[in-house]
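Single-letter residue listing:
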Amino acid sequence: MKHELAQMLRQGSGVIVNTSSGAGVRGVAGGAAYAASKHAIIGLTRSAALDYAKSNIRVNAVLPGNIETPMMDRFTGGDIQKAIDLEPVGRLGKPEEIADAVLWMSADLGAFVTGAAISVDGGWSL
């Protein structure tokens with residue numbers, strides 16, 4: 001963010017959307033380091049949002065859940081049903097659904113949103 005923020009200060013505005021995870025708002029058994037890093041992203045996002053709000057720079061985070069990607073195949077060993085069973089909505093998310101959230105946060109539609117950590121995870125983090 002260091003270089004992004006420097007450019008945004010020069011141009012007088014900007015939007016940053018960091019990527020965390022549902023693990024950023026809850027614990028993960030056997031995944032302390034992962035959860036800690038994802039919590040840190042949310043803290044960084046919120047602090048930067050406060051630091052740069054008056055400079056017309058918005059900083060938010062998206063928290064993807066279990067998404068249909070090759071990473072999920074590796075995570076489940078090819079048994080996608082394991083991941084589906086964790087989702088309250090009964091399916092995995094699509095990459096496009098994460099992209100839609102990022103686009104909303106980046107567009108004028110999300111102009112009054114800064115410091116938010118928005119879960120896009122089918123209810124997993126509840």
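This text follows the structure it describes.
Scope of this entry: the structure provided in the associated data block. Bear in mind the structure is a predicted one, so any value in this text is a computation, not a measurement.

1. Points about the pairing of strand β1 (residues 14–19)
Next, step 1: Here β1 shows a buried face lined by Gly14, Ile16 and Asn18 and an unburied face lined by Val15, Val17 and Thr19.
Next, step 2: Across 6 bridges, the pairing between β1 and strand β2 (residues 57–64) is parallel. Within β2, the residue paired with Val15 across the bridge is Arg58.
Next, step 3: In this region the chain leaves β1, passes through helix α2 (residues 32–52) and returns to the parallel neighbour β2; the handedness of that crossover is right-handed.

2. Structural notes on the packing of aromatic side chains
Next, step 1: Tallied over the full model, the rule gives 0 aromatic pairs.
Next, step 2: Over the aromatic face of Trp124 sits the side chain of Arg26, whose NZ or CZ is 4.1 Å from the ring centroid.

3. A look at the environment of Leu50
Next, step 1: Within the secondary structure, Leu50 is located in helix α2.
Next, step 2: With 65 residues separating them in the primary sequence, Leu50 and Gly115 have C-alpha atoms 7.2 Å apart.

4. Describing the nonpolar core
Next, step 1: Within the largest apolar cluster, 7 residues are counted, these being Leu5, Met8, Ile16, Ala48, Ala49, Ile57 and Val59.
Next, step 2: Those elements that provide at least two residues to this core are α1 (2–11), α2 and β2.
Next, step 3: Discounting residues that sit within four places of it in the chain, Ala48 has contacts with Met1 and Val59.
Next, step 4: In terms of nonpolar packing, the next biggest core, distinct from the first, is built from 5 residues, Val62, Ile67, Ile98 and Ala101 among them.

What counts as what
Residues numbered from 1 in each chain as written. Predicted model: local features only at pLDDT ≥ 70, side-chain atom pairs only at ≥ 80, totals over all residues. Heavy atoms only, no water. Buried < 20%, exposed > 50% of the residue type's maximum accessible area, 1.4 Å probe, protein only. Helix = DSSP H or I, 4+ residues; strand = E, 2+ residues; numbered from the N terminus. Pairing = 2+ DSSP bridges. Right-handed = clockwise from strand over helix to strand, strands pointing away. Phe/Tyr/Trp six-rings, centres within 6.5 Å; stacked < 30°, edge-to-face > 60°. Lys NZ or Arg CZ within 6 Å of the ring centre and 35° of its normal. Core = buried A, V, L, I, M, F, W, Y, C linked by side-chain atoms within 4.5 Å. Contact = heavy atoms within 4.5 Å.

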